[in-house]
Amino acid sequence: MTMNIVDPGIEDHLRRLYDDGDPVRLEMEALGAARNFPIVGPLVGRHLAVLGRAIGARKVFELGSGYGYSALHFARAVGEGGVVHCTELSAENVALAQKFLERAGVWSRVTYHQEEATAALRRVGGTWDIVYNDIDKDGYPETVELAYAHLRPGGLFITDNVLWSGRVLEGQDDGSAMTKGVREFTRRLFAHRGFLTTIDPTRDGVAVALRLA
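On a predicted model such as this, the values are computed, not experimentally measured, just so you know.

Details of the sheet that holds strand β2 (residues 83-87)
Stage number 1. An order of β3-β2-β1-β4-β5-β7-β6 is seen for the 7 strands of this open sheet, with the pairing classed as mixed. Edge strands, defined here as strands with exactly one partner in the open sheet, are β3 (110-113) and β6 (195-200). Ignoring which end each strand starts from, the neighbouring axes of this sheet average 15 degrees apart.
Stage number 2. Two strands pair when backbone bridges link them, and β2 and β3 are joined in this way by 4 bridges, in the parallel orientation. Residue His-85 lies in a different strand from β3, and its bridge partner there is Thr-111.
Stage number 3. Most of the contacts of helix α6 (residues 117-124) go to strand β1 (residues 59-63), to which it runs at about 145 degrees, and overall it touches β1, β2, β3 and β4 (128-133).
Stage number 4. Contacting β4, β5 (151-160), β6 and β7 (206-211), helix α8 (residues 177-191) crosses the sheet at an angle of about 135 degrees to β6.

Below, the structure written as structure tokens:
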């Protein structure tokens, strides 16, 4: 059994407030709806952009990128000279991302790695201002230490779906590997002494963890 995290009426109200009429964003959202493809949507997208700008992010690494919806918001946030590295196995999704992000004028800031997300971050290495996490949920627990190792102090580790449509609640756990992954991830993240963590209940829950010095 799943539940709405935020009242649908409130979500509709916020979507109307946030709607800037951007044609690329709207087309990406329409594609997600048509394909039942899990994008973060405009409420979380705006949140990502604000967080990126708030810390002056210039380097973002995405663990899981699909066809570039979250990358659109990050690429705009990092500005000219900033970089967003994306990970996606599907060549079709990479091609779609290029099409959309070229139209948005930010493709030059984006690099796609067509390989498993955590392996890509380990291979590329380096230190990042933001690590964004939206991989398969059974893999979530292993991202905590990986993100910590690759973030600068003051950087952000941002993770989607941490409320998992309510399945994280006692009595709502469906026993799946995905749900177990989200629950264990959340436990590890809040226990980690190197992170100060909060959860925004927008959409399906977004964890924002500040890497401490």
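A short note on the pairing of β1
Residues in a regular strand project their side chains so that they alternate between the two faces of the sheet.
Stage number 1. Counting buried residues in β1 gives 4 out of 5 residues, a clear majority hidden from the surface.
Stage number 2. A crossover links β1 with its parallel partner β2, the connecting element being helix α4 (residues 69-78), and its sense is right-handed.
Stage number 3. Looking at chain direction, β1 and β4 are connected through 4 bridges and run parallel. Pairing of Glu-62 across the sheet is with Tyr-132, part of β4.

Quick look at the side chain of Thr-143
Stage number 1. One can find Thr-143 in helix α7 (residues 143-150).
Stage number 2. Judged by relative accessible area, Thr-143 falls into the buried class, the value being 0%.

Basis of the calculations
Residues numbered from 1 in each chain as written. Predicted model: local features only at pLDDT ≥ 70, side-chain atom pairs only at ≥ 80, totals over all residues. Heavy atoms only, no water. Pairing = 2+ DSSP bridges. Helix = DSSP H or I, 4+ residues; strand = E, 2+ residues; numbered from the N terminus. Axes fitted to C-alpha atoms, helices over the stretch in contact; angles between N-to-C directions. Contact = heavy atoms within 4.5 Å. Buried < 20%, exposed > 50% of the residue type's maximum accessible area, 1.4 Å probe, protein only. Right-handed = clockwise from strand over helix to strand, strands pointing away.

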